[in-house]
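Fold and contact review
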Amino acid sequence: MAEAIGARFTRAVPASISKPRQRLLNFSNQFPTSPSSISLARFCPKKRTRLKTTSCAIAETAQTDKSKLEEQVMSIDNLHRFFDLNIGKWNGSFYQFDAKGNLLQNVSTKLSVSSYGEDELISLIQTLYIKQHPSSTSIAGQEEEPDWTEYKIKETNMFTVDKYQQIGFFPKEKAFSLRYQTAGMLETVLRAGVLGEDDTGEENPRNLKIPSKIPSVVCENCLYSLNKDRRIRAFHILDPKGVVEMFLLFIEDRGNEAPLISDFQGSSDRLSPFLGRWKGHSVTKRSGVYGATIAEADTVTLLDVDADGKLIQDIKSTGKGSTATSNVPWTGSITGNLVTFDGGYNMTLLPGGMYMGCPSDVSKNVAESQSFHLEFCWLESPDRRQRLVRTYDWHGLAVSSTYFYEVKV
């Protein structure tokens, strides 16, 4: 039964973006991208006279054409902003963690990002370079020049970003979410970057976990630094059955210098920085290039440990323009760097003031036709943090993204 559920979930997410003919899930086909794009037919009563029916049809067509034009202009503008946010040379490191937050690998990376074309034909080109391990056959006493493997990432344009990647973009906040349909790049990063020419063909190399060929979800959440030209791209990798397989981080600075690795080691106590009362604001947007805002709220989050060692989390949210406040209490247990909340939601604590949240078993959400969410949190300073939450429906379709900015009080 579990395998059937996993297979059902996997089919909702195409296995490879290199096969354009396979069935694709498109959020914009299921929901209107803006309120004005809803068909006017329901507001046009049926008339017996041909003249009135024609007038209603003309009004509907004109309104629909106007909405499509406004949406297209907004989409192109947002796509340009997204490209501007990414363009440049990024130097950094790639980290691989298991589901419990244990560091498996660390690899140096470079990313070169540029664009070409104009308006709706503009495309983003990304080339990833992975630093290779020194050759085992190197001559003693001779220093070798660093060897970098080059990997071309599939282009991003109006088609791929909306149809394949289902972007959730926050231009003002400098944050975005993407969904991938393949683990090909990840396997290249891990196998080529970690093993290099010393690859012996072992199926499971020491300290290296290769992702499944057909993962159920590969989600990227990206947050930019509030103080520096730095960003962290966090990947949730779920296996075909909907269970976390690994977490990946790209920590990158724009320019010629890479971030110092020591900046992200932190202390052995990864929980304490998140304890306390956090006050902030959230913005929720639909998935898609248009990315219309559908909700805003003021939030207060309290995280504490009680006398019995249980983790208590209380989240209060007050919608914009509303006096009603929702309250969501959570209770969880702590084992090492893994927090398990009642109800089956896990929070994996990572070095450098970060954590990643995910259901312990997404296939249960699929079986019960329930939505689920993936979360990435970055506490860049002791009293400031950003969070990005990606919500999926039970088909595995990304329907919205929520950005949080919070201050410790």
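Residues numbered from 1 in each chain as written. Predicted model: local features only at pLDDT ≥ 70, side-chain atom pairs only at ≥ 80, totals over all residues. Heavy atoms only, no water.

1. A look at the sheet that holds strand β6 (residues 175–180)
The following threshold applies: At least two DSSP bridges between two strands are needed for those strands to be called paired. The helix and strand labels rest on DSSP assignments: H or I over at least four residues marks a helix, E over at least two residues marks a strand, and numbering proceeds from the N terminus. Each axis is a line fitted through C-alpha atoms, taken for helices only over the stretch in contact, and angles between the N-to-C directions span 0 to 180 degrees.
Taking strand neighbours across the sheet as the criterion, the nine strands line up as β4-β3-β2-β1-β9-β8-β7-β6-β5 in an open arrangement whose pairing is antiparallel. Bordering the open sheet on either side are β4 (148–156) and β5 (168–170), each of which pairs with just one other strand. For this sheet the average axis-to-axis angle between neighbouring strands, irrespective of direction, equals 20 degrees.

2. Digging into the sheet that holds strand β15 (residues 345–350)
Strand order in the closed barrel made by the 10 strands is β10-β11-β12-β13-β14-β15-β16-β17-β18-β19, with antiparallel pairing throughout. In this sheet, adjacent strand axes meet at a mean angle of 25 degrees when their direction is disregarded. In this sheet, strand β11 (residues 293–305) lies alongside strand β10 (residues 276–286) in antiparallel orientation, the contact comprising 10 bridges. Counterpart to T284 in the pairing with β11 is A295.

3. Section: the pattern of salt bridges
The line we're drawing: A pairing counts as a salt bridge when a side-chain nitrogen of Lys or Arg comes within 4 Å of a carboxyl oxygen of Asp or Glu. In this scheme, a residue with accessible area under 20% of its type's maximum is buried, one over 50% is exposed, and one in between is partly exposed, where area comes from a 1.4 Å probe on protein chains only.
Per the counting criterion, the structure on display carries 13 salt bridges. Residue R254 is joined to D229 by a salt bridge in which the shortest nitrogen-to-oxygen separation is 3.2 Å. A residue pair is termed long-range when its members are at least 10 positions apart, and R254 in strand β9 (residues 244–254) and D229 in the loop between β7 (217–224) and β8 (230–238) qualify at 25 residues. Owing to a relative accessible area of 39%, D229 belongs among the partly exposed residues under this scheme. Note that K320 and E296 form a salt bridge whose closest N and O atoms lie 3.6 Å from each other. Of this pair, K320 sits in the loop between β12 (311–319) and β13 (325–335) while E296 sits in strand β11, and the two are 24 residues apart along the sequence. Taking the relative accessible area as the measure of exposure, K320 reaches 63% and is therefore exposed. Three or more residues joined by partner-sharing salt bridges are found here, namely E220, R231, R233 and E252.

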